[in-house]
Amino acid sequence: MILLSVGGPALAQDAETEVDEIIVEARLSGAPTWEVTRGGATLLLVGAIQALPKDLGWRPDALERVAARADRVLFSQSVDVSPWDIMRMIWRSRTLTRLPGRTTSADYLAPEWQARLDAVEARHDEDFSTTSFFVTASGLMFNVTGLRRDRGLAADEVVRRTARRGRTPSERVGRVRGDEVIDDLLEMPPERWTPCIQKAITAAEAGEAGMLGRAQAWRRFDVPGVMNSALEDALSSCWPWGDPEYGERLRGEWNAAVTGALAQDGVTLAVAPLRVLAEPDGVLDTLKAEGFEIVGPAWKSTDD
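Residues numbered from 1 in each chain as written. Predicted model: local features only at pLDDT ≥ 70, side-chain atom pairs only at ≥ 80, totals over all residues. Heavy atoms only, no water.

Q: Whenever I open this one, the side chain of Arg275 confuses me. Can you help?
A: Relative to the helices and strands, Arg275 is located in helix α13 (residues 274–278). In this structure Arg275 comes out as buried when scored by relative accessible area, which is 4%. Among the polar contacts made by the side chain of Arg275, one reaches the side chain of Ser236 at a distance of 3.1 Å. Contact partners of Arg275, with chain neighbours within four places excluded, come to Gln50, Met227, Glu232, Leu235, Ser236 and Trp241. (Helix = DSSP H or I, 4+ residues; strand = E, 2+ residues; numbered from the N terminus. Buried < 20%, exposed > 50% of the residue type's maximum accessible area, 1.4 Å probe, protein only. Polar contact = N/O pair within 3.5 Å; in protein donor to acceptor, adjacent residues only side chain to side chain. Contact = heavy atoms within 4.5 Å.)

Q: Even after reading the chapter, I still don't get the packing of helix α8 (residues 178–187) against helix α12 (residues 244–261), so can you show me in this structure?
A: Each pair of packed helices gets described by two things: the angle between the helix axes and the distance between those axes. Across the interface, α8 lies against α12 with an axial gap of 11 Å and an inter-helix angle of 145°. Taken together, the residues of α12 that come into contact with α8 (itself represented by Glu180, Val181 and Asp184) are Glu245, Tyr246 and Arg249. Of the residues belonging to the contact of α8 with α12, the class tally is two nonpolar, no polar and four charged. (Axes fitted to C-alpha atoms, helices over the stretch in contact; angles between N-to-C directions. Nonpolar A, V, L, I, M, F, W, Y, C, P; charged D, E, K, R; others polar.)

Q: Got a minute to help me understand the packing of aromatic side chains in this structure?
A: Here the distance between the centres and the angle between the planes together describe a pair of aromatic rings. Applying the stated criterion across every chain yields a total of four aromatic pairs. With a centroid separation of 5.9 Å and 55° between ring planes, the pair formed by Trp239 and Tyr246 is classed as tilted. The ring of Phe75 has Arg160 lying over it, and the distance from NZ or CZ to the ring centre is 4.6 Å. (Phe/Tyr/Trp six-rings, centres within 6.5 Å; stacked < 30°, edge-to-face > 60°. Lys NZ or Arg CZ within 6 Å of the ring centre and 35° of its normal.)

Q: What's the story with the state of the cysteines in this structure? I'm lost.
A: In a disulfide, the sulfur atoms of two cysteines are covalently bonded to one another. Under the defined criterion, the tally for this structure stands at one disulfide. What pairs with Cys196 in a disulfide is Cys238, and their sulfur atoms sit 2.0 Å apart. Residues Cys196 and Cys238 share a disulfide whose torsion about the S-S bond is about 95°; that sign makes it right-handed. With Cys196 in helix α9 (residues 194–219) and Cys238 in the loop between α11 (230–237) and α12, this residue pair connects regions lying 42 residues apart in the sequence. Just as Cys196 is buried, Cys238 falls in that class too. (Disulfide = S-S within 2.5 Å.)

Q: Just checking my understanding: could you explain the sheet that holds strand β2 (residues 41–48) for this structure?
A: Within a sheet, each strand pairs with its neighbour through backbone hydrogen bonds, oriented either parallel or antiparallel. The six strands are arranged β5-β3-β7-β2-β1-β8 in an open sheet whose pairing can be described as mixed. Edge positions in the sheet fall to β5 (170–172) and β8 (294–295), since each of these pairs with one other strand and no more. Where strand β3 (residues 72–75) and strand β7 (residues 266–273) come together, three bridges link them in parallel fashion. Across the sheet, residue Leu74 finds its bridge partner in β7, namely Ala270. Lying on the sheet, α12 is in contact with β2, β3 and β7; it crosses β7 at an angle near 165°. (Pairing = 2+ DSSP bridges.)

Q: How should I be thinking about empty space enclosed by the protein in this particular structure?
A: A water-sized probe, rolled over the atoms, reveals where empty space remains. One pass over the structure, following the stated rule, counts one cavity of 30 Å³ or more. Counted as a void, the largest cavity has a volume near 40 Å³. Contributing to the lining of the largest cavity are Ile23, Ala26, Arg27, Thr33, Trp34, Glu35, Leu44, Val295 and Gly296. A breakdown of the residues in the lining of the largest cavity according to their chemical character gives five nonpolar, two polar and two charged. (1 Å grid on protein atoms, 1.4 Å probe; cavity = no way out; pocket = protein on both sides within 12 Å on 5 of 7 lines; lining within 4 Å. Points joined across faces, edges and corners; volume = space filled by probe spheres on them.)

Q: Quick question: what am I supposed to make of the pairing of strand β1 (residues 33–38) here?
A: Two faces belong to every sheet, and in a regular strand the side chains alternate between them. Two elements, β1 and β2, share six bridges in a ladder whose sense is antiparallel. Opposite Thr33, over in β2, you have Val46 as the bridge partner. Pairing between β1 and β8: two bridges, direction antiparallel. Bridging from a neighbouring strand, Glu35 pairs with Val295 of β8.

Q: Before we go on, may I ask you to explain the environment of Ser132 in this structure?
A: Relative to the assigned elements, Ser132 resides in the loop between α5 (111–124) and α6 (133–144). Taking C-alpha positions, Ser132 is 12 Å from Arg102, a pair spaced 30 residues apart along the chain.

Q: What is the right way to look at the pattern of salt bridges in this model?
A: Charged atoms that come close allow side chains of opposite charge to pair. Under the defined criterion, the tally for this structure stands at 16 salt bridges. The partner of Glu180 in a salt bridge is Arg249, with the nearest N and O atoms 3.3 Å apart. Of this pair, Glu180 sits in helix α8 while Arg249 is found in helix α12, placing the two residues 69 residues apart along the sequence. You can call Glu180 partly exposed: its relative accessible area is 24%. Judged by relative accessible area, Arg249 falls into the partly exposed class, the value being 28%. The salt bridge involving Lys300 is made with Asp285; its shortest N-O contact spans 3.0 Å. (Salt bridge = Lys/Arg side-chain N within 4 Å of Asp/Glu carboxyl O.)

Q: What is the right way to read unusual backbone geometry from this model?
A: With glycine set apart, most residues show a phi of negative sign, and most peptide bonds adopt trans. Cis rather than trans, the peptide bond between Trp239 and Pro240 has omega equal to 5°. In this structure, Pro240 sits in the loop between α11 and α12. The backbone of Ala51 sits at a positive phi, close to 50°, despite the residue not being glycine. Structurally, Ala51 is set in the loop between β2 and α2 (61–69). Residue classification places Ala51 among the buried positions, given a relative accessible area of 8%.

Keep in mind that these numbers describe shape and distance, not what the molecule does.
As structure tokens, this is what we get:
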């Protein structure tokens, strides 16, 4: 008992020092990271963005070290797709890829937006006139901007690889059934896609320069620069995040996961979509409103 009473404070001090070192590493990592604490719980929120360019040159090494020393890791939601779901997608492929009947994009878009879409198509030798708005939005945001080309290592991939190697306990904050996703996409009328298409056209007009500017802002921890980019605005406004049902569900699962992490002692590393963390009334705004001290880069512009 005497030995235990003597060793206890020293062990506690060592644990505190280790947590401090992890936090320092997190702040040096090449991804925007925020630290939130409650009692013995430390939560490190890493803001990830989709499809970083291969030649971006960000520093994943510090993030790898943080992931290796965290007690647990949280990742974004996954979609569980069964063989039957794949068969349904193939069977209903026309519904997922083509506009209804003999309609074209001009039947749903105002003349101004159709003219802007026509101009984008002409510059990039594309034809979205009869494709479904799901396919059109993907083509504008991923192909026209170059987001899909030459993908580099993403933050969640760095952490997942490190956690797997170190056998660090990890979990998804939620799972979505594949049949739910397919049903939602099949039943969504083109009219509901119009706001998304308008944002996607704006992102396509910004082109590859806009895509690269967003990635460079992320590397500089310029979170408002990322959030204010046309591409991030489009990705946030389109399915699934812009869908009233799915978007609310996905955000709710992240809020619940953050609350749960702050109720557990130790260090939790959570890799979340940056938009979920930094958007108005997002995770960071919610934590701040609840009185938590948040250490990390500014997530709002000075005008907000």
